[in-house]
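# Examination of the molecular architecture
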Amino acid sequence: MRKLKYGTTDIFFEVQRVKRKTLAIEVHPDSSVHIIAPEQSSDFEIEKKVLKRAHWIVKQQEYFEQFLPRTPKREYVSGETHCYLGKSYLLKVKIGEANQVKLKSGQLQVICKENSAPEKVKNLLANWYYNHAEKKFQSLAKDVFEKFKEYDFKEPKLEIRRMKKRWGSCNTVDKIIINPELIKASSKCIEYVLVHEMCHFVVKNHNKAFYTTLSSIMPNWQKWKMRLEQKLA
Ligand SMILES: [Zn+2]
């Protein structure tokens, strides 16, 4: 991985040297930059080319970034809005007898023992989200698996893991990995991610057969995909 400064932005890129005459630059949907360079090209020549296309590279990255899971900066103080299952709740931080998080009268209440430092509130909340994610995802996955009855695969195991750039993924053997952040989205959005990942047990790649299967299980999947991409900010 190499790095180049473009104004205040760092552009990270990988170089691959192959038998070809011209240099190609690819920006992938995960914002990674790949340089496919002729075998003989020097590091200096490559950097010059990357710098020349830097504006285009940054624009491409910005385009892809709008589809990534976003979480705005949080300060973990009363008055902030935090989401849970597609609804937003006002955060209320207070001092109490014991550390506790609860949803009460439309508020997401974080009760802290002794002090309510943002870092502590953040951890308490993260734990609460994680525990609810685990329960909710397991029960939704059970329902979703029922819809795949006619297909021949075993009920996949769920693994809840934080991922920077995706909601879910599957290893196509027996497991689905799902982002706990998804608990902030509505049940339908979570269902969509589970359906999508389970479809990969039927069709591995995102080809026509994949989308046919997806649509047969969840006909309005596009609506939930869009919600997930746009609303969860
Ligand atoms: Zn997929």
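Above this note sits the structure.
Keep in mind the model is a prediction, meaning the values are calculated, not measured.

## Some thoughts on the sheet that holds strand β2 (residues 9-18)
Taken together, the 4 strands give an open sheet; going across it, the order is β1-β2-β4-β3, and neighbouring strands pair in mixed fashion. Among the strands making up the open sheet, the edge pair consists of β1 (2-6) and β3 (24-27). Neighbouring strand axes in the sheet, compared pairwise and without regard to direction, differ in orientation by 30 degrees on average. Pairing geometry for β2 and strand β4 (residues 33-38), over 6 bridges, is parallel. Following the sheet pairing, Q16 is matched in β4 by I36.

## Here we look at the packing of helix α3 (residues 118-146) against helix α4 (residues 187-199)
Contact geometry for α3 and α4: axes closest at 10 Å, N-to-C directions at 55 degrees. In terms of orientation, α3 and α4 fall into the oblique class. When the axes of α3 and α4 are compared, the crossing they make is right-handed. Every residue of α4 that contacts α3 at K136, F137, L140, A141, V144 and F145 is listed here: S187, I190, E191, L194, V195 and M198.

## Observations regarding the nonpolar core
One finds L182, C189, I190, Y192, V193, L194 and V195 to be the most contacted residues of the largest nonpolar core, which totals 26 residues. Those elements that place two or more of their residues in this core are α3, β11 (175-178), α4 and α6 (221-231). Ranked by residues supplied to this core, first place goes to α4 with 8 residues. Those residues in contact with C189 that lie beyond four places of it in its chain are G86, W224, R227 and L228. Core analysis: the second largest hydrophobic core is formed by 7 residues, V27, I35, A37 and I57 among them.

## Let's talk about the packing of α4 against helix α5 (residues 208-217)
Put simply, α4 and α5 touch, their axes get as near as 10 Å, and they point 135 degrees apart. Looking at the two axes, α4 sits oblique to α5. As for how α4 packs across α5, the hand of that crossing is right-handed. Along its contact with α4, which presents V195, H196 and C199, the element α5 presents F210, T213, L214 and I217. Classifying every residue of the contact of α4 with α5 by side-chain character gives 5 nonpolar, 2 polar and no charged.

## Focus on the sheet that holds strand β6 (residues 87-96)
Spatially, β5-β6-β8-β7 is the arrangement adopted by the 4 strands of the open sheet, whose pairing is mixed. Pairing within the sheet leaves two strands with one partner each, and these edge strands are β5 (81-84) and β7 (100-104). The sheet shows a mean angle of 35 degrees between the axes of neighbouring strands, direction not considered. Of the pairings in the sheet, the one linking β6 to strand β8 (residues 107-113) comprises 7 bridges and is parallel in character. Looking at the pairing, I95 lines up with C112 of β8. This element, α3, spans β6, β7 and β8 of the sheet and lies at about 125 degrees to β8.

Conventions and cut-offs
- Residues numbered from 1 in each chain as written.
- Predicted model: local features only at pLDDT ≥ 70, side-chain atom pairs only at ≥ 80, totals over all residues.
- Pairing = 2+ DSSP bridges.
- Helix = DSSP H or I, 4+ residues; strand = E, 2+ residues; numbered from the N terminus.
- Axes fitted to C-alpha atoms, helices over the stretch in contact; angles between N-to-C directions.
- Parallel < 35°, antiparallel > 145°, perpendicular 65-115°, else oblique.
- Left-handed = near helix turned anticlockwise from the far one by under 90°.
- Contact = placed C-beta atoms within 7 Å.
- Core = buried A, V, L, I, M, F, W, Y, C linked by C-beta atoms within 7 Å.
- Buried ≥ 20, exposed ≤ 12 C-beta atoms within 10 Å, placed from the backbone.
- Nonpolar A, V, L, I, M, F, W, Y, C, P; charged D, E, K, R; others polar.

Geometric values such as these leave the question of function open.
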